[in-house]
Amino acid sequence: MKRQVILWAAVLALIGWMSYGIWRGEAAVIAERDGAAAVSAPEEEKALPAQKLIALTFDDGPHPVCTPMLLDGLKERGVKASFFLLGGSIEGNEEIVERMAEEGHLIGNHTFSHVQLTKISPREAEKEIADTNEKILAAAGVLPVYIRPPYGEWNEELEELTDMEPVFWNVDPLDWKIQDREKVAGHIIKNAGDGRIVLLHDSYETTVEAALEVIDTLKKQGYTFVTAEELLVD
Ligand SMILES: [Zn+2]
């Protein structure tokens, strides 16, 4: 009797040991499969249809110091932005404008001397726009299609006067006024959303730093940064 018990115990121990071996083997296979899935996950994320798109736009440039700093940061992160340039600031900064085009950014018109287009005559408005387009074309070889009217001032008369398409915005952190990296970045991150267009000015170091911080943060939240054109043409 005692012998039988010992035998049964041995058999049970053997079964236990074998099942443990099988379980371990399966666990290893599952671990391997999960590991493989984890590696391919970022590609699956990119293919998701529910993409969140956002555009950073920079007015009043080019700035001889801040704009190249911003372009370096955008290049490092593989991000395309939109620049609405002042024709009057292009002279001496042609290489910066050329670089914008080379690196795939959208270049738009922000008038020649930052005038409120609705307050001047149609002839003057036409000249402000045309002279700026000419400067951009000469520097970068591209003729702008989009205009960011200073102060967002636009009307039907201007609509009829020019073929250029106005680009407005829906996120304004008042970066030029605040000049505080943390506050500017915080405002944008808080107000970010799919299809949003952010108004910034590449004439301040604080804005450049804030923009790069926003990119790093929102990318982790699944945002893709595009040019304003990509949000308008839909
Ligand atoms: Zn402006």
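Everything below is about the structure printed above this text.
A brief structural summary. (Residues numbered from 1 in each chain as written. Predicted model: local features only at pLDDT ≥ 70, side-chain atom pairs only at ≥ 80, totals over all residues.)

### Details of the pairing of strand β6 (residues 196-201)
Most of β6 is tucked away, with five of its six residues classed as buried. Note that strand β1 (residues 52-61) and β6 share six bridges and pair parallel. Along β6, the bridge assignment pairs Phe-58 with Leu-200. (Buried ≥ 20, exposed ≤ 12 C-beta atoms within 10 Å, placed from the backbone. Helix = DSSP H or I, 4+ residues; strand = E, 2+ residues; numbered from the N terminus. Pairing = 2+ DSSP bridges.)

### Considering the packing of helix α2 (residues 66-77) against helix α8 (residues 205-220)
In a packed pair of helices, the relevant descriptors are the angle between the two axes and the axis-to-axis distance. At a minimum axis separation of 9 Å, α2 and α8 run at an interaxial angle of 10 degrees. For the element pair α2 / α8, the angle class is roughly parallel. Contacts between α2 and α8 pair Cys-66, Met-69, Leu-70, Gly-73 and Arg-77 from the former with Glu-205, Val-208, Ala-211, Leu-212 and Ile-215 from the latter. Of the residues in the contact of α2 with α8, the class split is seven nonpolar, one polar and two charged. (Axes fitted to C-alpha atoms, helices over the stretch in contact; angles between N-to-C directions. Parallel < 35°, antiparallel > 145°, perpendicular 65-115°, else oblique. Contact = placed C-beta atoms within 7 Å. Nonpolar A, V, L, I, M, F, W, Y, C, P; charged D, E, K, R; others polar.)

### Points about helix α4 (residues 122-140)
With 19 residues, α4 extends 27 Å from end C-alpha to end C-alpha; this agrees with the ideal 27 Å at 1.5 Å per step. Turning to α4, its buried residues are Ala-125, Glu-128, Ile-129, Thr-132, Asn-133, Lys-135, Ile-136, Ala-139 and Ala-140. Seen from one end, α4 has its buried residues packed into an arc of 160 degrees, which puts them on one side. Those residues of α4 that are exposed and angled more than 90 degrees off the buried face are Arg-123 and Ala-138. Against β2 (82-85), α3 (94-102), β3 (106-109), β4 (146-147) and α5 (156-161) lie the buried residues of α4. Positive phi appears at Gly-141, one or two residues downstream of α4, with a value of about 75 degrees. (Expected span 1.5 Å × (residues − 1). Arc of directions from axis to C-beta.)

### Looking at the environment of Val-184
Summarising the element assignment, Val-184 is placed in helix α7 (residues 181-191). Considering only alpha carbons, one finds Val-184 and Thr-206, 22 residues apart in sequence, at a separation of 8.2 Å. Sequence-distant contacts of Val-184, that is, excluding residues within four places in its chain, are made with Pro-173, Asp-175, Ile-178, Thr-206, Thr-207 and Ala-210.

### Considering the packing of α7 against α8
Taken N-terminus to C-terminus, the directions of α7 and α8 make an angle of 40 degrees; their axes are 8 Å apart at the nearest point. Of the possible angle classes, the one that applies to α7 and α8 is oblique. The chirality of how α7 crosses α8 is right-handed. Together, Arg-181, Val-184, Ala-185, Ile-188 and Ile-189 of α7 and Thr-206, Thr-207, Glu-209, Ala-210, Glu-213, Val-214, Thr-217 and Leu-218 of α8 make up the contact between the two elements. Looking at the contact of α7 with α8 residue by residue, the class counts come to seven nonpolar, three polar and three charged. (Left-handed = near helix turned anticlockwise from the far one by under 90°.)

### A few points about the nonpolar core
In this structure, Leu-56, Leu-85, Val-97, Ile-107, Val-198 and Ala-211 are the most contacted members of the largest nonpolar core, which totals 49 residues. For this core, the element with the most residues is α8, which contributes six residues. Apart from residues lying up to four places away in sequence, Leu-56 is in contact with Ala-81, Val-198, Leu-200, Ala-211 and Phe-225. (Core = buried A, V, L, I, M, F, W, Y, C linked by C-beta atoms within 7 Å.)

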